[in-house]
Amino acid sequence: MFDWGELESTIADVTEKAVLAWMKKNPNQCAYAVAFHEYYRELDGIITLPQLGINSIQKNTFKEGNEDEGWKWNSADWHWLNILPARSPLRKLEETLTTEACRSTQTHWLTCEKRFYSIMVRVAKSLYRK
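Every value quoted in this text rests on a predicted model; they were computed, and no experiment measured them.

Asks: Pulling in residues and values, what's your account of the packing of helix H2 (residues 90-101) against helix H3 (residues 106-129)?
Replies: When two helices pack together, their arrangement is given by the angle between the helix axes and by the axis-to-axis distance. Between H2 and H3, the shortest axis-to-axis distance is 8 Å and the interhelical angle comes to 145 degrees. In this structure, H2 uses Leu97, Glu100 and Ala101 to contact H3, whose residues at the interface are His108, Trp109, Cys112 and Phe116. For the contact of H2 with H3, the residue count by class is 5 nonpolar, 1 polar and 1 charged.

Structure, rendered in structure tokens:
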């Protein structure tokens, strides 16, 4: 049986550690946004875990008179597209999530995806609070 609690706690733990590692590595940067992005899924197929991007005020370009022009709200334009470690327990959990989603009907797959979304929302809210 798939352990949804383990998935949630591992995602939360790995993402928090990634943000803290980024902060330690970039002490002169002031992050204005951290976001999950680049999620991919195929009905009756793969469900990938999203990347975790971050951008800082210092990496923006501001033109005098129009501060909004320099903000990059699209995570694909950010300096750090993915701060998650290449090697982490998330890769194995991603495979296990796909296996669980594909083990039955499309209804089961959609239920798994919905549950996964709920987990990602809770993790994002938790990360925001921290």
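Asks: Can you tell me about the pattern of salt bridges, naming the residues and giving the values?
Replies: Counted according to the given criterion, the structure contains 6 salt bridges. Between Glu16 and Lys130 there is a salt bridge, with its nearest N and O atoms 2.9 Å apart. One end of the pair, Glu16, is in helix H1 (residues 4-25); the other, Lys130, is in the segment after H3, with 114 residues separating them in the sequence. Judged by its relative accessible area of 66%, Lys130 is exposed.

Asks: An account of the packing of aromatic side chains is requested, with residue identities and associated values reported.
Replies: For the structure shown, the criterion picks out 5 aromatic pairs. Ring centres of Trp22 and Trp80 lie 5.1 Å apart, and the angle between their planes is 85 degrees; this geometry places the pair in the edge-to-face category. With Trp22 in helix H1 and Trp80 in the loop between strand S2 (51-56) and H2, this residue pair connects regions lying 58 residues apart in the sequence. Considered together, Trp22 and Trp80 belong to a single accessibility category, that of buried residues. Aromatic side chains Tyr32 and Trp78 sit 6.4 Å apart centroid to centroid with 70 degrees between the ring planes, which places their arrangement in the edge-to-face category. Here Trp78 lies in the loop between S2 and H2 and Tyr32 lies in strand S1 (residues 31-37), a separation of 46 residues in the sequence. Residue Tyr32 shares its accessibility class with Trp78, and that shared class is buried. What links up through ring pairs into an aromatic cluster is the set Tyr39, Phe116 and Tyr117.

Asks: So what about the layout of surface pockets? Which residues, and what values?
Replies: Considered as a void within the structure, the largest pocket measures approximately 230 Å³ in volume. Taken together, 15 residues line the largest pocket, and the ones lying closest to its centre are Val19, Met23, Ala31, Val34 and Ile54. With 5 residues, the single largest contributor to the lining of the largest pocket is H1. Residues belonging to the lining of the largest pocket are distributed by class as follows: 11 nonpolar, 2 polar and 2 charged.

Asks: Describe the side chain of Glu113, and please don't skip the residues or the numbers.
Replies: Position of Glu113 among the secondary structure elements: in helix H3. With relative accessibility at 5%, the residue Glu113 sits in the buried group. Here Arg41 takes part through its side chain, which lies 2.5 Å from a polar atom of the side chain of Glu113. Among all residues touching Glu113, those that are not within four sequence positions of it are Tyr39, Arg41 and Ile47.

Cut-offs used in this document
Residues numbered from 1 in each chain as written. Predicted model: local features only at pLDDT ≥ 70, side-chain atom pairs only at ≥ 80, totals over all residues. Heavy atoms only, no water. Axes fitted to C-alpha atoms, helices over the stretch in contact; angles between N-to-C directions. Helix = DSSP H or I, 4+ residues; strand = E, 2+ residues; numbered from the N terminus. Contact = heavy atoms within 4.5 Å. Nonpolar A, V, L, I, M, F, W, Y, C, P; charged D, E, K, R; others polar. Salt bridge = Lys/Arg side-chain N within 4 Å of Asp/Glu carboxyl O. Buried < 20%, exposed > 50% of the residue type's maximum accessible area, 1.4 Å probe, protein only. Phe/Tyr/Trp six-rings, centres within 6.5 Å; stacked < 30°, edge-to-face > 60°. 1 Å grid on protein atoms, 1.4 Å probe; cavity = no way out; pocket = protein on both sides within 12 Å on 5 of 7 lines; lining within 4 Å. Points joined across faces, edges and corners; volume = space filled by probe spheres on them. Polar contact = N/O pair within 3.5 Å; in protein donor to acceptor, adjacent residues only side chain to side chain.

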